[in-house]
Amino acid sequence: MLLTSPLAGGLCRIVASVPPGAGAPTLSDVESFLAARGPADFPQVDEVVAASTYRVQERVAQRLSEGPVFLAGDAAHTHSPAGGRA
């Protein structure tokens, strides 16, 4: 997965999936992501201004109901915020 989003001032946010435990991406990493997965006409990246990694927390309750109690919505699961936005 690779996502690019233009930002103000000629900057661009680049989001890419990486293996678990990977460190913050370097300029070389970003160039590799773009070469392998990016659009062919993406501008050359000269500098990484900020970089980080995060782990998507995805869990679902083992039981959604017990007796008179029913779990729904965020009480029943957590998920990546990217998956829930429209």
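Above this text is the structure in question.
Note that the coordinates shown come from a computational prediction; the quantities given were computed from them, not determined experimentally.

Conventions adopted
- Residues numbered from 1 in each chain as written.
- Predicted model: local features only at pLDDT ≥ 70, side-chain atom pairs only at ≥ 80, totals over all residues.
- Heavy atoms only, no water.
- Helix = DSSP H or I, 4+ residues; strand = E, 2+ residues; numbered from the N terminus.
- Buried < 20%, exposed > 50% of the residue type's maximum accessible area, 1.4 Å probe, protein only.
- Contact = heavy atoms within 4.5 Å.
- Areas by Shrake-Rupley, 256 points an atom, 1.4 Å probe, with all protein chains shown as cover.
- 1 Å grid on protein atoms, 1.4 Å probe; cavity = no way out; pocket = protein on both sides within 12 Å on 5 of 7 lines; lining within 4 Å.
- Points joined across faces, edges and corners; volume = space filled by probe spheres on them.
- Core = buried A, V, L, I, M, F, W, Y, C linked by side-chain atoms within 4.5 Å.
- Pairing = 2+ DSSP bridges.
- Patch = residues over 30% accessible without salt bridge, like charges linked within 9 Å, V, L, I, M, F, W, Y side chains within 5 Å.
- Salt bridge = Lys/Arg side-chain N within 4 Å of Asp/Glu carboxyl O.

Some details on the overall build of the protein
No. 1: Scanning the protein from terminus to terminus reveals two helices and six strands.
No. 2: Helices and strands appear in the protein in the N-to-C order β-β-α-β-β-β-β-α.
No. 3: The proportion of buried residues among the 86 residues of the protein is 9%.
No. 4: Restricting the contact set of the protein to residue pairs at least 6 apart, pairs at least 24 apart contribute 29%.
No. 5: Total accessible area on the protein stands at roughly 7000 Å², and carbon and sulfur atoms take up 55% of it.

Some thoughts on the layout of surface pockets
No. 1: Roughly 1300 Å³ of internal volume is contained in the largest pocket.
No. 2: Lining the largest pocket are 36 residues, with R13, I14, V15, A16 and P25 positioned closest to its centre.
No. 3: Those elements that provide at least two residues to the lining of the largest pocket are β2 (12–16) and α1 (27–37).
No. 4: Per element, the largest residue contribution to the lining of the largest pocket is five residues, and it comes from β2.

As for the nonpolar core
Across soluble globular proteins, you tend to see nonpolar side chains buried next to one another.
No. 1: Of all hydrophobic cores here, the largest spans six residues; its members are L2, V30, F33, L34, F42 and V45.
No. 2: A total of three residues in this core trace back to one element, the largest contributor, which is α1.
No. 3: Look past the residues within four positions of F42 in its chain and what remains in contact with it is T4, C12, I14 and L34.

Quick look at the pairing of β2
As a general feature of sheets, a regular strand has side chains that alternate between the two faces.
No. 1: Across five bridges, the pairing between strand β1 (residues 2–6) and β2 is antiparallel. Its bridge partner lying in β2, L3 is registered against V15.
No. 2: The turn linking β1 back onto β2 is made up of five residues, and G9 within it adopts a positive phi angle of 75°.

Overview of a nonpolar patch on the surface
No. 1: On the surface, L7, L11 and V49 cluster together into a nonpolar patch covering about 270 Å² of accessible area.
No. 2: Position of L7 among the secondary structure elements: in the loop between β1 and β2.
No. 3: Judged by its relative accessible area of 39%, L7 falls in the partly exposed class.

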